[in-house]
Amino acid sequence: MTIQKILKGVKIIGVGGAVPPTIIMNDALTQLVDTSDEWITSRTGIKQRHVLSGDETLSDLGVQAAKQAVAQAGVDPATIGMVIVATTTPDERYPAMAARVQTGIGAVNASGYDIALACTGFAAALITAEQFLRTGFHQRILVIGADAHTRVMDWSDRNTCVLFGDGAGAVLLESTELENDAFLACDMNLDGAKANELHADHIVNNCPLVPQASARSPYVQMNGREVYKFAVAVVMNSILRTLENCQKTIEDIDYLILHQANIRIMESMTERLGIPPEKMIVNLQRYGNTSAATIPLALNEAVLDGRIKTGSTVMICGFGGGLSWASSCFKWGGPTVAVTTEQMNG
Ligand code: ACO
């Protein structure tokens, strides 16, 4: 029998987001480091962040976000073929967080794994899922971006501890006929030569019978200025390349969702790309940098409040640890649902 290999179209059919209930305002951080609300707001745009507390887990946030996406799509979780979680701060070394989400939402027939690409993780996971759906390998895939960087922070380092928050966002993708394809183009990159500009090491315990490894910091190490320069340099090119790949122009973008790291990076991009600021989705003032979760959390809010509607052309671009960066341009194909305060607040 000849197997017909026909590429499929791909669309998003649901989105969700969740953050922990505890909020830490900028002012509270002055108890820990020599900083101020004025410095944090003017240099980053961040006013507050949500943080995991006590026995709360990142997996629970992932499950909450995933349940919202599945409910919005109105599908049976047993029809999901795969769960991909983008995270570099999972609750456990193993199993993959995908295993916790799979069982937490009842996706009993799904395979799955985690992708570790820091703040680029969600964009990379989305592009990965797109390929499995295009080839017909799976019909439905859940993609989650989730991170809890507040658990890997040196809370005495003012250069990093004021920047991050915790959260999870999810999208459910489905294969469709090629003529209904909503994924227009993408772009994905890695520059490992710059890895040390932004990294968080594991504590290494060698076998006691051999020499121990040199002491390492378990916390996030970031050369903020270099990462800033890198982001401004690569994001614009990645967006332009993605547009070129689908023969679209800047004017065709209805909404731009950049990784929410710093408001100054976003403002610089709107200026250099010539995109009206109202087309940029910004929510980092409320969540800080939630790493792999920033893009799906922002997408979720913009869908819930009605800015992104069926047919809207959305460009996302993630950048961060690796150093890595990735863009994807798609038409919003999911349903638009009325906002509830509970959903907006995660
Ligand atoms: N409060 C007060 N002062 C501070 C603080 C703080 N929280 N942090 C740093 N400073 C001081 C510095 O010590 C420095 O003082 P000095 O001049 O006496 O040495 C001064 O402020 C300026 O420091 P810079 O590092 O030059 O500040 P900058 O304007 O570059 O802002 C920031 C720093 C916000 C980190 C910025 O560089 C940035 O956003 N970089 C990009 C980060 C990013 O995009 N990360 C994304 C990926 S994250 C991931 O992948 C996990």
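Below or above, wherever it landed, is the structure these notes cover.

Once that is clear, we can look at the nonpolar core. Core analysis: the largest hydrophobic core is formed by 39 residues, its most contacted members being I239, L256 and L258. Where this core is concerned, the elements lending two or more residues are α6 (224-245), β11 (255-258), α7 (263-273), β12 (313-320) and β13 (324-331). Here this core takes 9 residues from α6, the largest share from any one element. Aside from chain neighbours lying at most four places away, what touches L256 is I239, L273, I275, K279, M280, I281 and M315. With 34 residues, the next largest nonpolar core counts A123, Y255, L299 and A326 among its residues.

With the rule as written, the count across this model stands at 0 disulfides. Its sulfur unpaired, C246 is 4.6 Å from the next cysteine sulfur, which belongs to C329. By relative accessible area, which is 14% here, C246 ends up buried. You can call C329 buried: its relative accessible area is 1%.

Evaluated as defined, the whole model comprises 3 aromatic pairs. Aromatic pair F230 and W325: ring centres 5.6 Å apart, planes at 75°, arrangement edge-to-face. Of this pair, F230 sits in helix α6 while W325 sits in strand β13, and the two are 95 residues apart along the sequence.

The rules we used
- Residues numbered from 1 in each chain as written.
- Predicted model: local features only at pLDDT ≥ 70, side-chain atom pairs only at ≥ 80, totals over all residues.
- Heavy atoms only, no water.
- Core = buried A, V, L, I, M, F, W, Y, C linked by side-chain atoms within 4.5 Å.
- Buried < 20%, exposed > 50% of the residue type's maximum accessible area, 1.4 Å probe, protein only.
- Helix = DSSP H or I, 4+ residues; strand = E, 2+ residues; numbered from the N terminus.
- Contact = heavy atoms within 4.5 Å.
- Disulfide = S-S within 2.5 Å.
- Phe/Tyr/Trp six-rings, centres within 6.5 Å; stacked < 30°, edge-to-face > 60°.

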